[in-house]
Amino acid sequence: MPVKKTSETARSAKNTSAVRSARTSRAIAQDFAEHLKYDADADIFHTTQEGRYEALANTIRDRIVHQWNKSRKTQRDKNAKHVYYLSLEFLMGRAMTNNINNMGIMNQVTEALKSLGYTYEELADVEPDAGLGNGGLGRLAACFLDSMATLDIPSYGYGIRYNYGIFKQLISNGYQFEQPDNWLRYGNPWEIPRSDVSFTVNFGGRVQHFKENGKDMYKWVDTDKIIGMAYDMPIIGYGGKTVNTLRLWSAKAVEDFSFQDFNDGDYTQAVRDKVTAENISQVLYPNDTQYLGKVLRLKQQYFFVACSLADIVRRFKRKFSDWKEFPNQAAIQLNDTHPSIAVAELMRILIDQEGIDWDTAWEITKATLGYTNHTLMPEALEKWPVHMFEELLPRHLQIIYEINTRFLKFAVSFFPTDHPSNIDIIRKISIIEESNPKNIRMANLAIVGSHAINGVAALHTELLKNYMFPEFRTIYPDRFQNKTNGITPRRWLLSANPGLSKLITDAIGPEWITDASKLALLKPLATDPAFAEKFAKVKKGNKDNAASFLRKDCGIILNPDSIFDVQVKRIHEYKRQLLNAFNIVLLYQKLKNDSAFAADFQPVTFLFGGKSAPGYANAKLSIKMINSIADVINNDPTVSSKLRVHFMPNYRVTMAENIIPATNISEQISTAGLEASGTGNMKFMLNGALTIGTLDGANVEIQEEVGPDNCYIFGHTEDQIAQLKGHYNPWDFINGDDEIRNAVNLIRSDFFNISEPGAFGPLLHDIFDCGDRFFIFADLRMYADRHQEILDLYRDNFSDFNRKAILNVACSGKFSSDRTIREYAEQIWNAKPCPVKLNTAANSALIDARKIKK
C-alpha cells in the first residue's frame, strides 16, 4: 500500500505540473499575441521578425518585472549590504535565452510559440549581441552578475550604455576593418530608461579655496556639465528568485538644442552641445593613439564613476545619516584600473559635499573599495598625464596629490630614504610618476585607496605580489589575495550546450547547475562505454551545429568529421596566435613533403577568432598573416582535404556559444607569465575540449584539477622565460631545427603573400630582428611536439581522447563563477545572501499601482 500511495502521489504531482506548464504556455502565447498587436500594431501587412522578437522579449520581461520589484523591496526592507561592481565593460551577449533558462520556462515558451506557428530559434536569432566589452574582462563581469543574482547577493553592475559596442569586424583581403556595431538600431527591449535617475557630471573649470569656520573648504566651479541618465537591465538569478540590476549610464547634454544659434543660421553650433556630450557614451574604447582619443577615454571613465557613486550615495542617504555605516552598506569593486578614479571621487564627495574630515573620509573610502588587477603587462596599467587631469578634473588632481603626499610619508617608514636604493623604490610606488610629462599611475592609486587587492589566478597573484607590486606588498601585506576567475555554468553549459547539459542532468541530476562541484560525479562515467558513446554523439552534434552556424554567419564551410582546433580570444602578441600559425606552417610542409605522414594524418580544422584594437598594428598584421596562410592552404588541393584554416570574422558571445561546445582542442598558448587568468580556457574545459597550453594564468590550476595526463602543457615557465631575457636570440632555436628553419624561410619568402610582397615586414622584423619579445621560437618545437601528441591520440585511440574530454568536464567545477563570487563575498565584500521569495500574486501589478498612487 505505501508504494502504491507514493506512486499515486508522484503521478498526481506530475499531472499538476503538466497542467501548470500548459497554463503558463497559454498565458505566454496570449501575451505574445497582445504585445505583437498592441505594441507594434502588427497585421499581415505590417510585421517583421524584429517586431516578433520584441513582442516575445516584452512578454518575458513582463514576467521579470514583478520579481525585480520584489527583489529591490526585500533588499531594502532587510537593509542588505549591496555589492556595486564598476566595470567599463560588460560583454553580455544575447539576453533572451539566458533569461528564459534562468526563469525555468524554456519548454513553456517553446510550446507557446509552436502553438502560434513560430519556432523559438527563429526569433531568438534576431537578437543582436550586446557587445559592451572586448574580451575576458567584460565577459567576466557578465558572469559575475549572473552568479551574484543566483547566490542571492544584492548587487548592481555599473557601466556605460555605449550607443555602439565593440566594433563589427570585417575581413577584406585578409585585413581587419572596423564598422560600427549599431546594436541599438531597433532599441533594446530588455532595458528600462530611468529618466528620474539622472546626475550632473562636471568637467574642467577651476577650484575655489576658502575658509569656513576656520576650516579649509573647496568648491569646483565654472565647469562644463553633462547629464548621465540611467538605463536598467534585469539580471536574473537561476530559479528566477533574485533579480538584480545592471545600470548603464548614457550621456546627455544639459541643453540639446540652441534655438539662438539655429536662428542665427549656425545649424551645426545649434546641436554642438548635444553631440559633444553624447560622444562620451557613443563608442566603447575610442582609439586612444591620438590625444583627443585619450581625453575622451578619461572622460568616459570619470563619467560612469561619477554617476555610479552619486547613485550609490543617493541610495545610502535614503536610510542612513551616519557615514561610518557606509562601508557596512556598500562594497564597491573596481574591475581593473578603468574605474580607479573612484578613489578620488569618493573622497571629493565625502569631503567637499558631505563635510567629512580627511582622515574619516579616507578610512571610509578604503573600507568601501576593492581593486581587481587583470594584467601583468606594465604598459597595460593605465597612466594619465597630469596636465590632462588639471584640465578636466582639477579638484581630483588636488586630492590625488594629497593622497600621494600622505602615502609617501607613510611609505618611508618601510623604505627610509637615507638608503640610496630606497629613493628609487619611493619613486616607483609614488602615485605621481615624475616623468616628462608627469603621469598619474592609476593602479597605484587603486592599491593605496582600497582595502583589498586581488589577482585573478593563483600564479597571477603570486606574480603581482613578488614581481609587479612587491613594495606595496611590503607596506600592505594583508591587502593582497587571490580570487581565481570563473564562468557561469548557466550560460556556458546549460544555454550554450543543451545536448551535453541534458546528458549530464540525466546522469547525475540537475544540482550541478547551481553547484558545479557536482560535476565531479561524472568521473566514474568517463570509462563507462554507454555514457562515452553518448558524449561523443553530443560532440558530433555540436560540430554539425557549429558548421551550420558558420556557414550562415560568414560563409565558412567546415568538415564536421575533422578535429576542431580553436584559438579564440583578443588578438594580441602575448596571446601568440602566431605561435599557432607557425605550427600550422610546419604541418603544411610535412603534409607536402612526407607522404607517409600525410596518409595517416587525421583531418584538422584550425579556427581563429578575435578582434584587434584598431590602433594595434602588429595585431592587425597577425590577422592578415593568418588569413594569408589560410588562403594558400585551403586552396592547395594536395592538402586541403586534410588541413583547413579559417579566421572567423566578428567573434562575439553568440559565436562563442556555437563554437566552444564543438571544440576538440583548446589553444591557451600565451607567453608564460603574461596571461592574468583567462576564462576562455575554462569555457572550453567545461564543454569537453582538451587544453594545450603553457603554465600561465589559470592553466596552472586547470592542470591541477584535471591532472597532467589529461591536458597538454608545454613551453618555458615564467621563471625560465625570466632567465632567457637578456640573452635570448630566436635564431638559436630556428637554426637548430631544420623544419622550423624551412618554415621561417617559407614565410619570409612571401610564399603565403605573393600578391603583397613585404606586407608582413614590420611584424616579421619585430620577431626576427628585434628579439622575438614573446618567445615564439623558444617554445615552437615543444608546442609542435605536444600538439602532434593530441592529433595522434585522436586518430589512434579516440576512446581515450573521449575519456579525457569527459574528465575535463568532470574536473571543471572549481571554475564556476559561483565559487569565485562566494570568495569575494566572504573575504572582500563581507556581503551576505538576501533570499527573495517568488512572487505568485497574479494581480500584483494592480497592487503596485495602488501603492504607487498612495
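The structure we're discussing is the one just above.
Along each chain, the written sequence defines residue order, and numbers are assigned to residues from 1. Owing to the predicted nature of the model, reporting of local features is limited to residues with pLDDT of at least 70; listing and counting of side-chain atom pairs is limited to 80 or more, with chain, interface and lining totals taken over all residues. Only heavy atoms go into the side-chain values, all of them from the structure, while hydrogens and water stay out.

(A) Up close: the side chain of Arg-819. Mapped onto the secondary structure, Arg-819 falls in helix H35 (residues 817-829). Only protein chains enter the accessibility calculation, which uses a 1.4 Å probe. A residue is then buried if its area is under 20% of the maximum for its type, exposed if over 50%, and partly exposed in between. Exposure remark for Arg-819: the relative accessible area of 17% places this residue in the buried category. Whenever two N or O atoms come within 3.5 Å, that pair is a polar contact, provided that in protein one can donate a hydrogen and the other can accept it, and provided that, for residues adjacent in sequence, both atoms are side-chain atoms. In terms of polar contacts, Arg-819 uses its side chain to reach the backbone carbonyl oxygen of Asn-485, at 3.2 Å. To qualify as a helix, a DSSP run of H or I must reach at least 4 residues; to qualify as a strand, a run of E must reach at least 2; elements of each kind are numbered from the N terminus.

(B) Fine view of the packing of helix H10 (residues 291-317) against helix H12 (residues 342-353). Each axis is a line fitted through C-alpha atoms, and for a helix only the stretch in contact is used; angles between axes span 0 to 180 degrees, taken between their N-to-C directions. The geometry of H10 relative to H12 is characterised by a closest axis approach of 10 Å and an angle of 45 degrees between their N-to-C directions. With respect to their mutual orientation, H10 and H12 come out oblique. Taken as a pair, H10 and H12 cross one another with a handedness that is right-handed. Every residue of H12 that contacts H10 at Tyr-302, Val-305, Ala-306, Leu-309 and Val-313 is listed here: Ala-342, Glu-345, Leu-346, Arg-348 and Ile-349. When residues are sorted by character, Ala, Val, Leu, Ile, Met, Phe, Trp, Tyr, Cys and Pro go into the nonpolar class, Asp, Glu, Lys and Arg into the charged class, and all the rest, Gly among them, into the polar class. For the contact of H10 with H12, the residue count by class is eight nonpolar, no polar and two charged. Angular relationships are summarised with four words: roughly parallel below 35 degrees, roughly antiparallel beyond 145, roughly perpendicular across 65 to 115, and oblique for the angles in between. Should the near helix be turned counterclockwise from the far one by less than a right angle, the crossing is left-handed, whereas a clockwise turn marks it as right-handed. Contact criterion: two residues are considered in contact whenever any of their non-hydrogen atoms come within 4.5 Å of each other.

(C) Inspection of the packing of aromatic side chains at higher detail. Aromatic pairs are defined between Phe, Tyr and Trp rings, using the six-membered ring for Trp, whenever the two ring centres lie within 6.5 Å; interplanar angles under 30 degrees are classed as stacked, those over 60 as edge-to-face, and all others as tilted. In total, this model carries 34 aromatic pairs according to the counting rule given. When the centroid spacing of 6.0 Å and the interplanar angle of 35 degrees are considered together, the rings of Tyr-84 and Tyr-156 count as tilted. Of this pair, Tyr-84 sits in strand S1 (residues 82-86) while Tyr-156 sits in strand S4 (residues 155-160), and the two are 72 residues apart along the sequence. Both residues of the pair, Tyr-84 and Tyr-156, belong to the buried class.

(D) Fine view of helix H21 (residues 498-508). Within the sequence span of H21, burial applies to Leu-500, Ser-501, Leu-503, Ile-504 and Ile-508. For H21, the buried positions fall inside an angular range of 165 degrees around the axis, keeping them on one side. Looking at H21, the residues exposed on the side facing more than 90 degrees away from the buried face are Pro-498, Lys-502 and Asp-506. Where H21 is buried, its residues contact helix H20 (489-495), helix H22 (529-554), helix H27 (680-686) and helix H34 (798-810). Looking one or two residues beyond H21, the residue adopting positive phi is Gly-509, at roughly 95 degrees. The arc refers to the directions leading from the helix axis to the C-beta atoms.

(E) A look at the pattern of salt bridges. Salt bridges, as used here, are contacts in which a Lys or Arg side-chain nitrogen is within 4 Å of a carboxyl oxygen on Asp or Glu. Tallying each qualifying case throughout the model produces 47 salt bridges. We note a salt bridge from Arg-741 to Asp-738, for which the minimum N-O separation is 2.8 Å. Here Arg-741 pairs with Asp-738, and both are found in helix H31 (residues 738-748), just three residues apart, close to one helical turn. Judged by relative accessible area, which is 26%, Arg-741 ranks as partly exposed. In this structure Asp-738 comes out as exposed when scored by relative accessible area, which is 52%. In this structure, Asp-796 engages Arg-795 in a salt bridge whose closest nitrogen and oxygen atoms are separated by 2.7 Å. Taking the relative accessible area as the measure of exposure, Asp-796 reaches 53% and is therefore exposed. Overall, Arg-795 belongs to the partly exposed group, its relative accessible area being 33%.

(F) The arrangement of unusual backbone geometry in detail. Of note, the bond from Asn-436 into Pro-437 is cis; its omega dihedral lies within 30 degrees of zero at 5 degrees. Looking at where Pro-437 falls in the secondary structure, it is placed in the loop between strand S15 (432-433) and strand S16 (439-441). Although it is not a glycine, Asn-173 sits at a positive phi angle of roughly 55 degrees. Of note, the phi angle at Asp-222 is positive, near 55 degrees, even though the residue is not glycine. Note that Asp-222 resides in the loop between strand S9 (215-221) and strand S10 (224-236). With relative accessibility at 53%, the residue Asp-222 sits in the exposed group.

(G) Representation of the nonpolar core. We call a set of buried Ala, Val, Leu, Ile, Met, Phe, Trp, Tyr and Cys residues a nonpolar core when their side-chain atoms join them within 4.5 Å. The biggest cluster of nonpolar side chains holds 151 residues, and the ones touching the most others in it are Phe-303, Phe-389 and Trp-829. Sorting elements by how many residues they give to this core places H10 first, with 12 residues. For Phe-303, the contacting residues outside a window of four places in its chain are Ile-160, Val-201, Phe-203, Ile-226, Ile-227, Gly-228, Trp-249, Ser-250, Ala-251 and Ile-280. Counting residues in each nonpolar core, the second largest holds 120 residues, with Tyr-616, Ala-698, Ala-778 and Phe-815 among its members.

(H) The arrangement of the sheet that holds S16 in detail. Sheet architecture is open: three strands sit in the order S14-S16-S15, paired in antiparallel fashion. Of all strands in the sheet, those bounded by a partner on one side alone are strand S14 (383-385) and S15. A strand pair is defined by DSSP finding two or more bridges across the two strands.

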